[in-house]
Amino acid sequence: SLRVTRSFDAARILTFAAMATVADAVMRMVALDIPSLMCVHFAGLAPTTPRFFIQPFGIDMGPFEHESVAMQMSTPDLVTTRTRVLDYFRGLGREVKNDHMLFNFETTMSVTKAEERLIEQLCWEIGFPGELDPNIRPQYLVGSENYPEVLDAYPELAYYRDIVFMFKYMMTPTHSALPEIRRWRQKDARLKWNFDPTKREFIVKGFKRSLRCVGIVEEEKERRMNEEKERQKRKEKKGVFSAITAALFGVKYKGSPSGADAGNILGVDVVDEEDILHIKTLPTFNGRLSQRDSELFLSYLTVPYLRIPLLLNFFAHPGRFKALAEPQLQAVMDAVLYEPDLWQEHDTKDIPNEIPTYLENRQFLATPNGLLFNELQRSAHGLMKSLSDLLELALEMDTGRYLESTGPIILYVTRTLVRVEGFMLYLIKHHEWDKTCVNGTGYESFVRGLEINEQQYQQLKSKRNELREVLSEQVFPMIERWCALSIKENKVHTACILHAHLAYLYLHIPFEELDKQVVGTLLSSGIFLTTRYRYRLAARKGEVVKRIPESQWEEKERKKGESGTEALVGGTYAGLLIPDTEMFSLFQAKRSDCMRWLQDHAEEADEVFETVVRIVTFTGEVGDNKPIAVRKWRNLDGWRCRGRFIPDMKRRNAEEQKAAEEGRLKRRAAMVEDTEINLQLMSLTLKNNTLKLLPDEIANHKDFKQILGAASKQAQCAPVKTTLHRMWVRLVGRRHDVKFWRTDSRNMRDRYRAQGRDLLFPYTRTYPSALESHERWIEEVLET
């Protein structure tokens, strides 16, 4: 149902990979009291027997390792999840033989010997007839109508099968193979399995179509062929520098979707920097880079292991810094920073004995947790020096207001620093974590390759504190000032962009550093966006859209002009300059921390809520110190009302609060007469009216757009009354009501038949010429 960006696509695939990892681990756990025979045979723990050579079963991750090389992982959790998943399955691959690998859907949809062997062992153990009949065994796997016994007795196999299939299906390299974008329901996602006995293939249906994991293995074979051709090309090249470069930095195959690959940018095969020298005209990225700078920029992309410090230093130059206004260069820099590149399997590396040399791969340049973690561990000082220079250049461009010429550059640098801060904090918190504790999640878990010594820890902590000080004391006031001016000038979409970045400043802020400003900013920005920004990530009601690459979708949105003139920044559709999915993730991750802080700091929470009301209703700012009458805010009483805060005249004492909590599950919420701030929905309710953006079906109506023009896209409303076929809303601040009638879908012929009539053509007179004299009142009512 969601439009997918590169970063969200990485998160989606990694989520299914983690689910497959957990499912595989659970399948290997044998209960002590009543063990599942399926799990016993799957784990290879069944007692030995002359009938079978008992061995464990498992799954192959297929091309996941290769696919993850170019995934854009902008948060440290995604990078470490990739490492833990690959470590798990690479270790599993050493124990499970290839002929015991189940569900190789990326290779074939046919039933394999591994699946038949598992079912055969289980049938022999229990006494099912499938032991001796190869035509029955696949029927057990799909749970057919005639053979449901295995899945009925061991439903864990069906769950495991579905999880593995969806994980491998998500890696499908073609957009057309994935379901179209629409509002899918839960039942649409349920997989339905059948077996074709003639082809001996599994047939999987879901999302109202047949599903196949197509093209994955073919793409992997093509990659290997291209790599072999490029190795031969390197060997034929002459020149010492070319040989040294090939030995040190190697190549990546040209079919890679990497956004940091020079060959993908140029559309030609690029092995090393010498190939770039032979291109007559290099791209200037809309005139942002000269031919000389473009050559240098693209040459740096041919050395993946060193690309982060080289390119950060490249753009930290005053003469090139403004080039970051180009969205394509921003996308390349994001790929440079957040694509993890090759994964290091072993703790030690095989270093080449001599240079120049020609190696079969670049594994000696691989890292266990990606290039950005590697830079922070090995060369944090150089990395932070370049980032500090970028931030200093960005702050010098501040003119006191948001300008389309400079604003996107400053905000991009801000986003980059916030994301890098997350990686720094991850290393710092992981080092501080008590390793004697039970393995947990996030930085409180054992991840190979995250170790740092005390000197590195102190250096990272010092650099992170310096970075946070600049973000809080210089960047935050600057963006807040821009936001206030945008609101005064009625530039609502610009204000939405700035509110998103105000919240984004605290993406990785730990709980112990929360204060009034941080919590107030997160809540006010979240509610401001909920009430004034039209998120564009999900399909609208009744909309069906084919999946296309992100760049084509952006162009399509721009041409349609659905966002209005305020959403055009630099001539392209801008959104929030941050993917909508990242904003949802931000508010979801920080919601529980904010709830906990508000409950622990009741007096300061009152001021936070008053600040939120002022900002969302355009009557103040985050740092506004004007004296106000602070009300006492508390959770609304009633079932499922935690996170719904309302003002009260006085603070409850301990006994009153205890009584309210004891009765919370026995009553439902009462009607809110004054004000409510809902942290669960990020909404503000005033006098029982929830402020929200005008529904699409009204905002996109041609008559409504003709009256309000471009402002129709940002119009706010409060619902007055909603019935089956009519929506009645009140426009905020415009003294207008809108009543929208939906098209009547009833069939009048069916109504006549329901009344016992069967008229072939019940309407025989034309309006208004055929009206009788006693019916003329109808014309007066309808036409006046």
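What counts, and at which threshold
- Residues numbered from 1 in each chain as written.
- Predicted model: local features only at pLDDT ≥ 70, side-chain atom pairs only at ≥ 80, totals over all residues.
- Heavy atoms only, no water.
- Axes fitted to C-alpha atoms, helices over the stretch in contact; angles between N-to-C directions.
- Helix = DSSP H or I, 4+ residues; strand = E, 2+ residues; numbered from the N terminus.
- Parallel < 35°, antiparallel > 145°, perpendicular 65-115°, else oblique.
- Left-handed = near helix turned anticlockwise from the far one by under 90°.
- Contact = heavy atoms within 4.5 Å.
- Nonpolar A, V, L, I, M, F, W, Y, C, P; charged D, E, K, R; others polar.
- Salt bridge = Lys/Arg side-chain N within 4 Å of Asp/Glu carboxyl O.
- Buried < 20%, exposed > 50% of the residue type's maximum accessible area, 1.4 Å probe, protein only.
- Pairing = 2+ DSSP bridges.
- Polar contact = N/O pair within 3.5 Å; in protein donor to acceptor, adjacent residues only side chain to side chain.
- Patch = residues over 30% accessible without salt bridge, like charges linked within 9 Å, V, L, I, M, F, W, Y side chains within 5 Å.
- Areas by Shrake-Rupley, 256 points an atom, 1.4 Å probe, with all protein chains shown as cover.
- Lys, Arg positive; Asp, Glu negative; His and termini not counted.
- Charge placed at Lys NZ, Arg CZ, Asp CG, Glu CD.
- Core = buried A, V, L, I, M, F, W, Y, C linked by side-chain atoms within 4.5 Å.

K.L.:
When you look at the packing of helix 20 (residues 492-504) against helix 23 (residues 580-600) in this model, what are you seeing that I'm missing?
P.N.:
The description of two packed helices rests on the angle between their axes and on the distance between the axes. Running from amino to carboxyl end, helix 20 crosses helix 23 at an angle of 45 degrees, the nearest separation of the two axes being 11 Å. By the angle between their directions, the pair helix 20 and helix 23 is classed as oblique. Between helix 20 and helix 23 lies a crossing of left-handed hand. Every residue of helix 23 that contacts helix 20 at Ala-500, Ala-503 and Tyr-504 is listed here: Glu-582, Met-583, Leu-586 and Phe-587. Taken together, the residues that form the contact of helix 20 with helix 23 break down as six nonpolar, no polar and one charged.

K.L.:
Would you mind showing me how to read the pattern of salt bridges here?
P.N.:
Note on pairing: side chains with opposite charge can pair once their charged atoms come close. One pass over the full model with this rule turns up 42 salt bridges. Across the salt bridge formed by Lys-429 and Glu-432, the nearest N and O atoms sit 4.0 Å from each other. With a gap of three residues between them, Lys-429 and Glu-432 both fall in helix 18 (residues 407-432), about one helical turn apart. Lys-650 is paired through a salt bridge with Glu-656; the nearest N and O atoms lie 3.6 Å apart. Salt bridges here are not isolated pairs; linked through shared partners, they connect Glu-65, Arg-90, Arg-94 and Glu-345.

K.L.:
Quick question: what am I supposed to make of the side chain of Ser-7 here?
P.N.:
Position of Ser-7 among the secondary structure elements: in helix 1 (residues 6-27). For Ser-7, a relative accessible area of 9% puts it in the buried group. Beyond its immediate chain neighbours, meaning those up to four positions away, Ser-7 contacts Gln-72, Pro-579 and Glu-582.

K.L.:
So what exactly am I meant to see when it comes to the environment of Phe-42 here?
P.N.:
Among the secondary structure elements, Phe-42 is positioned in helix 2 (residues 37-42). In this structure, the C-alpha to C-alpha distance between Phe-42 and Gln-55, residues 13 residues apart in sequence, is 8.1 Å. Once residues within four sequence positions are removed from consideration, Phe-42 is found in contact with Asp-24, Met-27, Arg-28, Pro-56, Phe-57, Gly-58, Leu-102, Leu-118 and Tyr-160.

K.L.:
Help me out: how do you make sense of the sheet that holds strand 5 (residues 209-211) in this one?
P.N.:
Where strands meet in a sheet, backbone hydrogen bonds hold them as pairs that are either parallel or antiparallel. Strands sit in the order 3-4-5 across an open sheet of three strands; the sheet is antiparallel. The outermost strands of the open sheet, each flanked by one partner alone, are strand 3 (192-196) and strand 5. The mean inter-strand angle of the sheet, taken between neighbouring strand axes irrespective of direction, is 35 degrees. Note: strand 3 against strand 4 (residues 201-206), five bridges, orientation antiparallel. Bridging across to strand 4, Phe-195 finds its partner in Phe-202. Its contacts with the sheet put helix 8 (residues 155-170) on strand 3, strand 4 and strand 5, and the angle it makes with strand 3 is roughly 90 degrees.

K.L.:
Sorry if this is basic, but what is going on with the packing of helix 4 (residues 76-95) against helix 18 here?
P.N.:
Following both chains from N to C, one finds helix 4 and helix 18 inclined at 55 degrees, their axes separated by 9 Å at the closest point. The orientation of helix 4 with respect to helix 18, classified from their angle, is oblique. Side by side, helix 4 and helix 18 meet where Pro-76, Asp-77, Val-79 and Thr-80 of the first sit next to Gly-422, Phe-423 and Tyr-426 of the second.

K.L.:
Just checking my understanding: could you explain the environment of Thr-406 for this structure?
P.N.:
With respect to the helices and strands, the residue Thr-406 is situated in the loop between helix 17 (380-396) and helix 18. Judged by relative accessible area, which is 12%, Thr-406 ranks as buried. A C-alpha to C-alpha distance of 8.0 Å links Thr-406 and Lys-322, two positions 84 residues apart in sequence.

K.L.:
Is there a simple way to think about the sheet that holds strand 13 (residues 692-693) in this case?
P.N.:
Strands sit in the order 13-14-15-16 across an open sheet of four strands; the sheet is antiparallel. Looking along the sheet, the strands with just one partner apiece sit at the ends: strand 13 and strand 16 (737-741).

K.L.:
For this particular structure, what's the right way to read the environment of Thr-198?
P.N.:
Of note, Thr-198 is situated in the loop between strand 3 and strand 4. Taking the C-alpha atoms as reference points, Thr-198 and Asn-135, 63 residues apart in sequence, are found 10.0 Å from one another. Among the polar contacts made by the side chain of Thr-198, one reaches the side chain of Asp-196 at a distance of 2.6 Å.

K.L.:
Just checking my understanding: could you explain a positive patch on the surface for this structure?
P.N.:
A surface patch of like charges, here positive, comprises Arg-185, Lys-187, Arg-190, Lys-192 and Lys-208. Along the chain, the position of Lys-192 falls in strand 3. Taking relative accessible area as the criterion, Lys-192 reaches 48% and is therefore assigned partly exposed.

K.L.:
Sorry, what's going on with the nonpolar core here?
P.N.:
Nonpolar side chains in soluble globular proteins generally cluster together in the buried interior. Of all hydrophobic cores here, the largest spans 176 residues; its most connected members are Phe-64, Phe-165, Phe-297, Leu-523 and Leu-598. Broken down by element, this core gets its largest block of residues, 13 residues, from helix 18. When residues no more than four places from it in sequence are discounted, the contact partners of Phe-165 are Phe-105, Met-109, Leu-191, Trp-193, Val-204, Leu-211, Arg-212 and Cys-213. Formed by eleven residues, the second largest nonpolar core is a distinct cluster that contains Leu-694, Ile-698, Ala-715 and Phe-740.

K.L.:
Help me out: how do you make sense of the pairing of strand 4 in this one?
P.N.:
Looking along a regular strand, one sees side chains alternate from face to face of the sheet. Burial along strand 4 is one-sided: Phe-202, Val-204 and Gly-206 are buried, and none of Glu-201, Ile-203 and Lys-205, which face the opposite way, are. Taking the residues that link successive antiparallel strands as the turn, the strand 3-strand 4 hairpin has four residues, and the phi of Arg-200 there is positive, at about 55 degrees. Across three bridges, strand 4 lies against strand 5 in antiparallel orientation. Bridge assignment links Lys-205 to a residue of strand 5, and that residue is Ser-210. A loop of two residues connects strand 4 with strand 5, the two strands running antiparallel in sequence, and Phe-207 in this loop sits at a positive phi of about 55 degrees.

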